[in-house]
Amino acid sequence: MKDTIHKTIDIAIIAPVSLLIMIGFVAIYTATVNDYPDKVLQVMVQQVAWVAIGILFASVVRLFSREFLWKISPLLYLLGLSLMILPLIFYSPEVVASTGSKNWISIGNVTLFQPSEFMKISYILILSEVAIWFHGRYPERTLSQDWKLLAGFLGVTLPILGLLALQKDIGTAMVFLAIFVGMSFLSGISWKIILSTLLVSLVSIVIFLLVFLWEPGREFLYRIGMDTYQINRILAWLKPFDFASSIAYQQTQSMLSIGSGGIFGKGFSVLELAVPVRESDMIFTIIAEDYGFIGSAVTLGLYLILIYRMILITLASNNQFYTYISTGFIMMILFHIFENIGAAIGILPLTGIPLPFISQGGSSLISNLIGIGLILSMSHHNKKHQESSNKPSTV
């Protein structure tokens, strides 16, 4: 029995994910005790419940066959789009006022979940299906065919980006774009297209920043539809200590908190600096302040082990559909880590993207655990294929 379990469960995936979740429990407890002491029990019970639900979903998803995933991918994509419409109708004015986005479904005073988090998994599945279908129908690789494939990718991406624009959720849109880029690379789209697109994007970013740094330029951006909170976030990123007591308070406090932890940190639950929303978006500040550079390095090391193992599983796969799925999920996790920690240390603007498996919240955690379920399913099928290949011939 133990041998069977060992063969079906990838410990190299389970172990780092479990440790990251435990780090999350400790960090969330620390944040809640210091900032909301009367809600400790409620917050911790909720987090345990979300982990349990996520594990349940992951366990079920791990049993899905490739054929079943192929059949349900279009349905999950359409369901995801339908759910993403709901935050535009059912939202909390208080949540919108604090975040600037309509990305959570709220009924009355109860905030339920964020549909875009679950849409990330559906998006990875549908992009994988589009790529496999296209390569099967058009085996020839020409520049013209690459443009057609890119058009197919955009066909399933633009509706999502359109809904995210209506929700005013730029941070989540960037995650989808990161997945899009990773899948485009894997699909073998011509370097001519990729490099020209990257060049246009880079020039656009430079022009935007030049316009933004010019005060009349910011007024122009506001007049053509850019929200005040978005302008403030970028301004806080570019000149944090010029606005340390106002719009850049969260970002400057985050940087000071991380720096104050030093090499070894201040110890368990010692938070001397106030950092807004450090139970979720800014949870890395707790790890850095309490456990210093050592604790931060251990956390990043666990992510590195997890990603390295997922890459090995991807390279060992003999199934293209699974390869696309795992690549999309790896891109998703990588971007979350890069953006969340990058914003906390001040090298990137704040976008409200959670830290995988650690930040408080159910939608992101459950979505990430579903992705882990897909990776475990892929690992299991890799092992089955390897065992069948090693069996001696009976002919």
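A. Summary view of unusual backbone geometry. Not every positive phi belongs to a glycine, and Ser269 is a case in point at roughly 60°. Take Ser269: it is sitting in the loop between α12 (249–260) and α13 (284–316). One non-glycine residue, Val277, adopts positive backbone phi at about 55°. Locating Val277 in the fold gives a position in the loop between α12 and α13. Here Val277 falls in the partly exposed class, since its relative accessible area comes to 33%.

B. Structural detail: the pairing of strand β2 (residues 110–113). The sheet contact formed by strand β1 (residues 105–107) and β2 spans 3 bridges and is antiparallel. In the sheet register, Ile105 faces β2, and the bridge partner there is Phe113. Two successive antiparallel strands, β1 and β2, enclose a turn made up of 2 residues, where Gly108 displays a positive phi of approximately 65°.

C. Region of the structure containing the confidence of the model for the protein chain. Per-residue pLDDT for the protein chain has a mean of 90; in total, 96% of the residues score no lower than 70. Note on residues 1–5: pLDDT under 50 across the span, and 0 contacts to partners over four residues away in sequence or across chains.

D. Structural view of the packing of aromatic side chains. If you walk through the whole model with that rule in mind, you get 9 aromatic pairs. Here the aromatic rings of Tyr123 and Phe176 are separated by 5.2 Å at their centres, their planes lie at 70°, and the arrangement is edge-to-face. Of this pair, Tyr123 sits in helix α6 (residues 115–137) while Phe176 sits in helix α8 (residues 170–186), and the two are 53 residues apart along the sequence. Tyr123 sits in the buried class, given a relative accessible area of 0%. Geometry around Tyr138 places Lys148 over its ring, the cationic atom sitting 5.7 Å from the centre. When the ring centre of Phe212 is taken as origin, the NZ or CZ atom of Arg218, which lies over that ring, is 5.7 Å away.

E. Spotlight on a nonpolar patch on the surface. A contiguous nonpolar patch, built from Ile85, Ile89, Phe90, Ile107, Val110 and Leu112 and spanning about 550 Å² of accessible area, is present on the exposed surface. Its place among the elements puts Ile85 in helix α4 (residues 66–85).

F. Layout of the environment of Phe264. In this structure, Phe264 sits in the loop between α12 and α13. Assessed through its relative accessible area of 67%, Phe264 is described here as exposed. Remark: the alpha-carbon pair of Phe264 and Leu20, spanning 244 residues in sequence, is separated by 19 Å. Once you skip the residues sitting within four places of it in the chain, Phe264 turns out to touch Asp290, Tyr291, Gly292 and Ile294.

G. Representation of the nonpolar core within the structure. Judged by nonpolar contacts, the single largest core of 88 residues is most densely connected at Tyr123, Ile160, Phe329 and Phe357. Tallying contributions element by element places helix α14 (residues 320–344) first for this core, with 13 residues.

H. Up close: the side chain of Gln253. With respect to the element layout, Gln253 can be found in helix α12. Assessed through its relative accessible area of 12%, Gln253 is described here as buried. Setting aside residues up to four positions removed in sequence, Gln253 forms contacts with Leu273, Ala274 and Val275.

I. Molecular detail of the packing of α4 against α6. Look at α4 against α6: their axes get within 8 Å of each other, and the N-to-C directions meet at 140°. Accordingly, the angle class assigned to the pair α4 and α6 is oblique. Classified by chirality, the crossing of α6 by α4 is left-handed. On the side of α4, the interface is formed by Leu69, Trp70, Ser73, Pro74, Leu76, Tyr77, Gly80, Leu81, Leu83 and Met84, while α6 contributes Pro115, Ser116, Met119, Ser122, Leu125, Ile126, Glu129, Ile132 and Trp133. Of the residues assigned to the contact of α4 with α6, the class counts are 14 nonpolar, 4 polar and 1 charged.

Rules used in this analysis
Numbering of residues starts from 1 in each chain and follows the order in which that chain's sequence is written. Predicted model: local features are reported for residues with pLDDT of at least 70 only, side-chain atom pairs are reported and counted for 80 or more only, and whole-chain, interface and lining totals are derived from all residues. To get the side-chain values, all heavy atoms of the structure are used, and hydrogens and water are removed first. Here a strand is any run of E in DSSP of at least two residues, a helix any run of H or I of at least four, and the numbering for each starts at the N terminus. Burial here depends on accessible area, computed with a 1.4 Å probe over protein chains only, as a share of the maximum for the residue type. Under 20% is buried, over 50% is exposed, and the range in between is partly exposed. Two strands qualify as a pair provided DSSP detects at least 2 bridges between them. Per-residue confidence from the predictor is reported as pLDDT, which spans 0 to 100. The contact criterion used is simple: two residues touch if any of their non-hydrogen atoms lie within 4.5 Å. Stacked, tilted and edge-to-face are the three classes applied to pairs of Phe, Tyr and Trp rings, where Trp contributes its six-membered ring and a pair requires centres within 6.5 Å; stacked means planes under 30 degrees apart, edge-to-face means over 60, and tilted covers the rest. The rule for a charge over a ring is simple: NZ of Lys or CZ of Arg within 6 Å of the ring centre, and within 35 degrees of the ring normal. What makes a patch is a set of residues exposed beyond 30% relative accessible area and free of salt bridges, joined within 9 Å when like-charged and within 5 Å when nonpolar (Val, Leu, Ile, Met, Phe, Trp, Tyr). Note on areas: Shrake-Rupley, 1.4 Å probe, and residue coverage restricted to the protein chains presented here. What counts as a salt bridge is simple: a side-chain nitrogen of Lys or Arg found within 4 Å of a carboxyl oxygen of Asp or Glu. Among the buried residues, those of types Ala, Val, Leu, Ile, Met, Phe, Trp, Tyr and Cys that are joined through side-chain atoms within 4.5 Å form a nonpolar core. Here, axes are lines fitted to C-alpha atoms. For helices the fit covers the stretch in contact, and angles between N-to-C directions go from 0 to 180 degrees. Note on angle classes: values under 35 degrees are labelled roughly parallel, values over 145 roughly antiparallel, values of 65 to 115 roughly perpendicular, and the remainder oblique. Handedness of a helix crossing follows the sense of rotation of the near helix relative to the far helix, less than a right angle counterclockwise being left-handed and clockwise being right-handed. Any residue outside Ala, Val, Leu, Ile, Met, Phe, Trp, Tyr, Cys, Pro, Asp, Glu, Lys and Arg is labelled polar, Gly included; the first ten of those are nonpolar and the last four are charged.

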